[in-house]
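Observations on chain architecture
Spelled out, the chains give:
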Amino acid sequence: NAGVMQNPRHLVRRRGQEARLRCSPMKGHSHVYWYRQLPEEGLKFMVYLQKENIIDESGMPKERFSAEFPKEGPSILRIQQVVRGDSAAYFCASSPRDSPRVGYFGAGTRLSVL
Amino acid sequence: AQSVTQLDSQVPVFEEAPVELRCNYSSSVSVYLFWYVQYPNQGLQLLLKYLSGSTLVKGINGFEAEFNKSQTSFHLRKPSVHISDTAEYFCAVSADSGGGADGLTFGKGTHLIIQP
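Scope of this entry: the structure provided in the associated data block. What you see is a predicted model, and the numbers here were worked out from it, not measured in a lab.

Attention now moves to the nonpolar core. Membership of the largest hydrophobic core comes to 27 residues, with the highest contact counts inside it found for Trp35, Leu48, Leu76 and Tyr89 of chain B. Among the elements of the structure, β2 (10-14), β3 (19-21), β5 (31-38), β6 (44-50), β8 (64-68), β9 (73-78), β10 (87-95) and β12 (110-115) of chain B are those that each provide at least two residues to this core. Excluding residues that lie within four positions of it along the chain, Leu76 of chain B makes contacts with Val19, Glu20, Leu21, Trp35, Leu47, Leu48, Phe63, Glu64, Ala65 and Tyr89 of chain B. Residues Leu21, Ala88, Tyr90 and Leu111 of chain A belong to the second largest nonpolar core, which totals 23 residues.

So, in structure tokens, the structure goes:
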């Protein structure tokens, strides 16, 4: 049973470009969470999704950031017009329906904005 | 809202010595508690969790933690550490809001350094 798969592992973008981060949850998991880890800080919750639904986006910046978890395919975290402050590690976690609080994390995508 | 405080940013310990990593939380509702470990340039691995039942929780790699509701603590312990335990350890909480599964609130992490 493959774990949570995130790609790419490293992503380099210039200011103003778009970044797309993908997350494939573990097989059978219907809950997806995105977190951001800034240097010298812990992980901060961004958004919680179920298939085709955003359940809680209270941790998402109001502008430039969006997330989706379509019926088919991976969850996508999209950052438009990236700025240097977006440089961070972005982690995805998935949970099964019967134990939604127990998150299994992917290896993360490290975004560097030049 | 809930918060998590990990009191030590770094804990140096000699190999084969015992270790305790401290975690305190605050919340106005019941919580679920977790410890994760992060090795360099990797994702987080679940060490153990407290959802309900016995307050002493055993996890992987010989770690255990005790939920103390009166002291709002969930300290992580290991009786004898190895070099391979060198990593960042994160304590996290999730509120029992009744409406579903909220995201985790993490502490800032404790860097465990094992000295030979």
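Now, onward.
A few words now on the interface of chain A and chain B. Residue-level contacts link 17 residues of chain A with 24 residues of chain B. Together chain A and chain B conceal approximately 1600 Å² of surface at their shared face, both sides included; 56% is due to carbon and sulfur atoms. On the chain A side of the contact with chain B, Leu43, Arg101 and Phe105 of chain A bury the most area, a combined 40% of that side's loss. Where chain A packs against chain B, one counts zero salt bridges. Linking chain A with chain B are four residue pairs in polar contact (both at pLDDT 80 or more), by the criterion used here. Counting residues per element, the ones that place at least two in the side of chain A that touches chain B are β4 (29-37) and β5 (43-50) of chain A. Its residues placed into classes, the side of chain A that touches chain B shows 10 nonpolar, four polar and three charged.

Further remarks concern the sheet that holds strand β1 (residues 5-7) of chain A. Residues and elements named next belong to chain A. One open sheet accounts for four strands, arranged β1-β3-β8-β7; its pairing is antiparallel. The sheet is open, and its two borders are formed by β1 and β7 (65-68), each paired with just one other strand. Each neighbouring strand pair of the sheet contributes to a mean axis angle of 15°, computed without reference to strand direction. Pairing geometry for β1 and strand β3 (residues 19-24), over three bridges, is antiparallel. Paired with Asn7 across the two strands is Arg22, which belongs to β3.

The subject of this paragraph is the pattern of salt bridges. All names here are of chain B. For the structure shown, the criterion picks out eight salt bridges over all chains. Across the pair Arg22 and Asp8 runs a salt bridge whose closest N-O atoms are separated by 3.0 Å. Of this pair, Arg22 sits in the loop between β3 and β4 (24-26) while Asp8 sits in the loop between β1 (3-5) and β2, and the two are 14 residues apart along the sequence. Owing to a relative accessible area of 31%, Arg22 belongs among the partly exposed residues under this scheme.

Residues and elements named next belong to chain A. Position of Ile54 relative to the elements: it lies in strand β6 (residues 53-56). A relative accessible area of 41% means that Ile54 is categorised as partly exposed. As a C-alpha pair, Ile54 and Arg14 span 40 residues in sequence and 28 Å in three-dimensional space. Setting aside residues up to four positions removed in sequence, Ile54 forms contacts with Val47, Tyr48, Leu49 and Ala67.

This paragraph deals with the packing of aromatic side chains. Going through the model one piece at a time under the given rule, you end up with 12 aromatic pairs over all chains. Three or more aromatic residues joined by ring pairs form one cluster here, namely Tyr35, Phe45 and Phe105 of chain A together with Phe34, Tyr36, Phe90 and Phe106 of chain B.

According to the stated counting rule, one finds two disulfides over all chains in the structure shown. Between the sulfur atoms of Cys23 of chain A and its disulfide partner Cys92 of chain A the distance amounts to 1.8 Å. One quick way to see it: the torsion about the S-S bond of Cys23 of chain A and Cys92 of chain A is about -50°, and its sign makes the bridge left-handed. Of this pair, Cys23 of chain A sits in strand β3 while Cys92 of chain A sits in strand β9 (residues 88-96), and the two are 69 residues apart along the sequence. The exposure classification of Cys23 of chain A matches that of Cys92 of chain A, with both residues buried. Covalently, Cys23 of chain B is tied to Cys91 of chain B through a disulfide, its sulfur atoms 2.0 Å apart. Sign of the S-S torsion, about -65° for the bond between Cys23 of chain B and Cys91 of chain B, identifies this disulfide as left-handed. With Cys23 of chain B in the loop between β3 and β4 and Cys91 of chain B in strand β10, this residue pair connects regions lying 68 residues apart in the sequence. Pair check on accessibility: Cys23 of chain B and Cys91 of chain B agree, each one buried.

About the criteria used
Residues numbered from 1 in each chain as written. Chains lettered and ligands numbered in written order. Predicted model: local features only at pLDDT ≥ 70, side-chain atom pairs only at ≥ 80, totals over all residues. Heavy atoms only, no water. Core = buried A, V, L, I, M, F, W, Y, C linked by side-chain atoms within 4.5 Å. Buried < 20%, exposed > 50% of the residue type's maximum accessible area, 1.4 Å probe, protein only. Helix = DSSP H or I, 4+ residues; strand = E, 2+ residues; numbered from the N terminus. Contact = heavy atoms within 4.5 Å. Buried area = accessible area lost by both parts, 1.4 Å probe. Salt bridge = Lys/Arg side-chain N within 4 Å of Asp/Glu carboxyl O. Polar contact = N/O pair within 3.5 Å; in protein donor to acceptor, adjacent residues only side chain to side chain. Nonpolar A, V, L, I, M, F, W, Y, C, P; charged D, E, K, R; others polar. Pairing = 2+ DSSP bridges. Axes fitted to C-alpha atoms, helices over the stretch in contact; angles between N-to-C directions. Phe/Tyr/Trp six-rings, centres within 6.5 Å; stacked < 30°, edge-to-face > 60°. Disulfide = S-S within 2.5 Å.

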